[in-house]
Amino acid sequence: MTIRLLLADDHPVVRAGLRAVLDTEPDFEVVAEAATAERAVELAASAGVDVVLMDLQFGPGGGMHGSAATALITAGSPSPRVLVLTTYDTDADILAAVEAGASGYLLKDAPPEELAAAVRTAAAGQSALAPAVALRLMDRMRTPAEALTKRELEVLQLVADGLSNQQISKQLFLSQATVKSHLVHIYAKLGVDSRTSAVATAATRRLIRTP
């Protein structure tokens, strides 16, 4: 059976490289490409796609995030499988993608044979995680009391992006008191006492992305 693929990435060179690699597999067919997450959602619903290879960040200008697109694509029934293919390996990105319904999570430096195997695994309805990603998830499970929750990671990522508590509360639809409470828990888990130290420590541990 041929696996029909949609490539969702804002870089034409990356899409061309992926197509060149995937076209060497006899059971793969790249049927569509999308340069934005919004377009990926449209094509996933209309192009007869089996697996979407989804980047997470599309351009510098605040369009839809790959995780949001993943959630929309996987909400349908039946729906294509989504395999995240990105350069980001932070806890914040991994958890957001997995919670959104991604069937797999690979880094862009994965060798071609690993990518092909992950596509087939995702198409079969199974989980396809890069070894490094699986290890990070296992580490979180081993020490749940020390791990930042998804909401705490969202708050800390916005702190790293330069938002104030008031701006964070508006973006996440939380009260400022709740934002402050999350920050208190974040400081305790990371062993820090300031926003700057929290961001620096989290970035070092690859929990969040920094500009």
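All values reported here derive from a predicted model rather than from experimental measurement. (Residues numbered from 1 in each chain as written. Predicted model: local features only at pLDDT ≥ 70, side-chain atom pairs only at ≥ 80, totals over all residues. Heavy atoms only, no water.)

A. Broad picture of the environment of Ser103. If you trace the backbone, Ser103 turns up in the loop between helix H4 (91–100) and strand E5 (104–107). Residue classification places Ser103 among the buried residues on the basis of a relative accessible area of 12%. Residues Ser103 and Ala92, 11 residues apart in the sequence, show an inter-C-alpha distance of 17 Å. Once residues within four sequence positions are removed from consideration, Ser103 is found in contact with Arg81, Val82, Ala122, Gln126, Ser127 and Ala128. (Helix = DSSP H or I, 4+ residues; strand = E, 2+ residues; numbered from the N terminus. Buried < 20%, exposed > 50% of the residue type's maximum accessible area, 1.4 Å probe, protein only. Contact = heavy atoms within 4.5 Å.)

B. Seen up close, the side chain of Asp55. Mapped onto the secondary structure, Asp55 falls in the loop between strand E3 (51–54) and helix H3 (66–74). A polar atom in the side chain of Asp55 sits 3.3 Å from the side chain of Lys108. The residues touching Asp55, leaving out its near neighbours within four places in the chain, are Ala8, Asp9, Asp10, Gly66, Leu85, Thr86 and Lys108. (Polar contact = N/O pair within 3.5 Å; in protein donor to acceptor, adjacent residues only side chain to side chain.)

C. Examining unusual backbone geometry more closely. Of note, the bond from Ser77 into Pro78 is cis; its omega dihedral lies within 30 degrees of zero at -5°. Note that Pro78 resides in the loop between H3 and strand E4 (81–86). Despite not being glycine, Phe173 shows a phi value in the positive range, around 60°. Secondary-structure assignment places Phe173 in the loop between helix H8 (165–172) and helix H9 (176–190). What makes Phe173 exposed here is its relative accessible area of 75%. Positive phi, close to 60°, is recorded for Arg206, a residue that is not glycine. With respect to the helices, strands and loops of the structure, Arg206 is situated in the segment after helix H10 (195–204). For Arg206, a relative accessible area of 37% gives the class partly exposed.

Function cannot be inferred from these measures alone, as they are strictly geometric.
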